[in-house]
Amino acid sequence: MDPAELLARFGCRSRLLLQSLMSGPCGARRALRVFQRQHGSDPGHPTHGWMDTLARDEPSLGGKGLAVKPLVCLFPVPFQRNLLSFLHLAHTVLPGPSLLRLLQCLGRDPSPDPWVQALLGLLQRDLQPGDQPSSPILTSQCRDRLARLCGRLGVGGPAGTGAGWLGRQAQTDASLVKMDAQDPENPRKRKSESAGLSQASNGAGSQSKKQRLAGSTDAQEDCGSAGGISSNEGVSSAVGGEAQLPHTGESSPAAAAGEPGQVLQSPGPEDVNVPCSREALPEHIRAESSSPPVLQVLNECDPAEVEQLCEALCLPEVPEQALPPFCTSLLEVSPDLSYSTAATLVRSLFLSKILSLLEAASRFLVTAVTSFCRRYPRPSCCALIGPVLQVEQAGSAQMELLCRLVEDCLEPQYRLLVFGQTLAVPWSEGVLSVIHALLDTKMELSEEMFDQFTVRLSQQAPLFSKSMKFAKMLLAILTKYQSHITVAHKNTLSCCLALNETFLKKSLQVALKRV
């Protein structure tokens, strides 16, 4: 079943959390951040709703006909892996009955993924610490290799297992989630406490980052020569760390070998994340790590799918404070977005916010819309500026923002496009402001467009006989576009001036005589 159809069964709040679990190898960590922010903004909101929905039985059409499965079993395997990794990190603050019911549903999968089964066994073991597992989570080979890696890092664990640091790291993650749930209103306290826990979990704090990085590199080479698992194939979650899911959705090595019943080999130590400084990475890796791979899906969607994606993400409801960083990520997408995709995004992100303005736009909105308009001017003109001009009730706040976009963001050819749009909409005081801003840029108007403009001026002159904006617009035409004015145009403009009742009438008549 299509994941989009499955996500449609959830509300916006739960859907955002589940979509983060479908965002690739880092889905578990992203879901944890989403969960922390949602819980911090609304601590009283129940957290069991989405888990109960995942545990609900759903009819599905399989190879053996119609069958009833838990909804969670209909999601793809990478989602299930990320889900279990997230539950391992956040299980201390989740309701126990709903969590146990969800785990039971995952155990009912008729064709389970070996790695999902390993993560499921680990989480069940943590939820019931008194029960002894029938088989060890880590094989003896994995424990030996993990011990060598931790020895090189200087963070050896108890009883020679080498897993002490990793266990403490998992406890640190769980404690941070618990602190966030208990004290959502004190971010400074959480930050200081998390910093203390992180320092305590680092073991030998006197070692430099370079020594730890060098040790981890040597350990990876040593374990790789001993027949270890490639770091691009495994998942590092068997000891409670961050789940690094493979991009291709491959199963564990045992499953790939096609040997059912074999004890699942836990990932080698080269799969364990070693804390390192971003500055220590090569330049090309830093550039790749800063790009938004999740947003690349926009280049793979047709217009209808982009519309559905914007609705699912509730983009019109995104807070204005979040618009600048989100637009920065959008502008980093390569290759550039198509016209239809960019038009859909600018309409979803900005149109409703601009139309609802009752005062000057905030700096967050101005920053976001100007950056997007500079990068994608034609979609912005057609999907944003044009629709705002067509709204007869648009106020000064909207038109002030449009004037800013026209003056600061658009190149001459796109200013001509907006000028053509102004000739096709009913004129108001706000539209006159936009036309005046366009005329001040000294556009290169064609004869045909200037003819249309003068005809429109003669039609609107009786309606704006007392308008100062209309008078200033006429003055801009007479002073900056003298080379475009022919004898026929001069007669038309003379009729417009005869109807004018502002104090600029004499100045307009003098300017007309100089043409």
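Preceding this paragraph is the structure being described.
For clarity, every value in this text was computed on a predicted model and none was experimentally measured. (Residues numbered from 1 in each chain as written. Predicted model: local features only at pLDDT ≥ 70, side-chain atom pairs only at ≥ 80, totals over all residues. Heavy atoms only, no water.)

J.: For this particular structure, what's the right way to read the nonpolar core?
T.: One broad rule of soluble globular proteins: the nonpolar side chains tend to lie buried together. Membership of the largest hydrophobic core comes to 81 residues, with the highest contact counts inside it found for Phe350, Phe419, Trp427, Leu439, Phe453 and Leu457. Broken down by element, this core gets its largest block of residues, eight residues, from helix α16 (residues 339–355). Not counting residues within four places of it along the chain, the set of residues in contact with leucine 457 comprises Trp427, Phe470, Met473, Leu474, Ile477, Leu493 and Cys496. Residues Val34, Phe75, Leu102 and Leu123 belong to the second largest nonpolar core, which totals 39 residues. (Core = buried A, V, L, I, M, F, W, Y, C linked by side-chain atoms within 4.5 Å. Buried < 20%, exposed > 50% of the residue type's maximum accessible area, 1.4 Å probe, protein only. Helix = DSSP H or I, 4+ residues; strand = E, 2+ residues; numbered from the N terminus. Contact = heavy atoms within 4.5 Å.)

J.: How do you make sense of the pattern of salt bridges when you look at a structure like this?
T.: Pairing is possible between side chains that carry opposite charge, provided their charged atoms lie close to one another. Summed over all chains, the structure comprises six salt bridges. Notably, a salt bridge pairs aspartate 408 with arginine 404, separated by 3.9 Å at the nearest N-O pair. Residue aspartate 408 and its partner arginine 404 are located together in helix α19 (residues 396–408), separated by four residues, close to a single helical turn. When the shortest N-O distance is used, the salt bridge between aspartate 440 and lysine 480 registers 2.9 Å. Taken together, the positions of aspartate 440 in helix α21 (residues 429–440) and lysine 480 in helix α23 (residues 468–480) put the pair 40 residues apart, joining distant regions of the chain. (Salt bridge = Lys/Arg side-chain N within 4 Å of Asp/Glu carboxyl O.)

J.: In this structure, what is going on with helix α3 (residues 27–41)? I would like to understand it.
T.: The α-helix advances 3.6 residues per turn, and as a result positions three or four apart in sequence lie on the same side. Taking 1.5 Å per residue as the helical rise, α3 with its 15 residues ought to reach 21 Å, and the 21 Å between its terminal C-alpha atoms agrees with that figure. Within the span of α3, buried status applies to Gly27, Ala28, Arg29, Ala31, Leu32, Val34, Phe35, Gln38 and His39. (Expected span 1.5 Å × (residues − 1).)

J.: Explain unusual backbone geometry to me, please; I cannot follow it from the model alone.
T.: Both trends apply: most residues other than glycine have a negative phi, and most peptide bonds are in trans. Cis geometry is found at the peptide bond from serine 334 to proline 335, where omega equals 0°. The phi torsion at cysteine 314 lies on the positive side, around 55°, for a residue other than glycine. For cysteine 314, the location among the structural elements is in the loop between α14 (303–312) and α15 (323–331).

J.: Explain α23 to me, please; I cannot follow it from the model alone.
T.: Across its 13 residues, α23 extends 18 Å between first and last C-alpha, which sits within 8% of the 18 Å expected from 1.5 Å per residue. Within α23 the residues assigned to the buried category are Phe470, Ala471, Met473, Leu474, Ala476, Ile477 and Leu478. Taken together, the buried residues of α23 touch α21, α22 (447–460), α24 (487–499) and α25 (505–513). Of the residues flanking the start of α23, the one acting as N-cap is serine 467, its side-chain oxygen 3.4 Å from the backbone nitrogen of lysine 469. (Polar contact = N/O pair within 3.5 Å; in protein donor to acceptor, adjacent residues only side chain to side chain.)

J.: Quick question: what am I supposed to make of the packing of aromatic side chains here?
T.: Each aromatic ring pair is described using two quantities: the centre-to-centre distance and the angle formed by the ring planes. Going through the model one piece at a time under the given rule, you end up with eight aromatic pairs. Between the aromatic rings of tryptophan 50 and phenylalanine 86, the centroid separation amounts to 6.1 Å while the plane-to-plane angle is 50°, which identifies the pairing as tilted. Highlighted residues: tryptophan 50 in helix α4 (residues 49–54) and phenylalanine 86 in helix α5 (residues 77–90), separated in sequence by 36 residues. Here tryptophan 50 and phenylalanine 86 have matching classes, each one buried. Relative to phenylalanine 79, the ring of phenylalanine 75 lies with its centre 4.3 Å away and its plane at 25°, an arrangement referred to as stacked. A single burial state applies to phenylalanine 75 and to phenylalanine 79, both of which are buried. Positioned over the ring face of phenylalanine 364 is arginine 363, at 4.4 Å from the centre of the ring. (Phe/Tyr/Trp six-rings, centres within 6.5 Å; stacked < 30°, edge-to-face > 60°. Lys NZ or Arg CZ within 6 Å of the ring centre and 35° of its normal.)

J.: Could you clarify how one ought to interpret the packing of α3 against α5 in this entry?
T.: Helix packing for two helices is described by the angle between their axes and how far apart those axes are. Contact pair α3 / α5: the axes reach a minimum separation of 8 Å and the direction vectors enclose 50°. For the element pair α3 / α5, the angle class is oblique. For the crossing formed where α3 meets α5, the hand is right-handed. On the side of α3, the interface is formed by Gly27, Ala28, Arg29, Ala31, Leu32 and Phe35, while α5 contributes Asn82, Ser85, Phe86, Leu89 and Ala90. The residue makeup of the contact of α3 with α5, split by class, is seven nonpolar, three polar and one charged. (Axes fitted to C-alpha atoms, helices over the stretch in contact; angles between N-to-C directions. Parallel < 35°, antiparallel > 145°, perpendicular 65-115°, else oblique. Left-handed = near helix turned anticlockwise from the far one by under 90°. Nonpolar A, V, L, I, M, F, W, Y, C, P; charged D, E, K, R; others polar.)

J.: Whenever I open this one, the packing of α16 against helix α17 (residues 363–375) confuses me. Can you help?
T.: Close contact between α16 and α17 brings their axes to 11 Å; oriented N to C, the two are set at 155°. On the basis of the axis angle, α16 is roughly antiparallel to α17. Between α16 and α17 lies a crossing whose hand is left-handed. Contacts between α16 and α17 pair Ala342, Leu345, Val346, Phe350, Lys353 and Ile354 from the former with Leu365, Ala368, Val369 and Phe372 from the latter.

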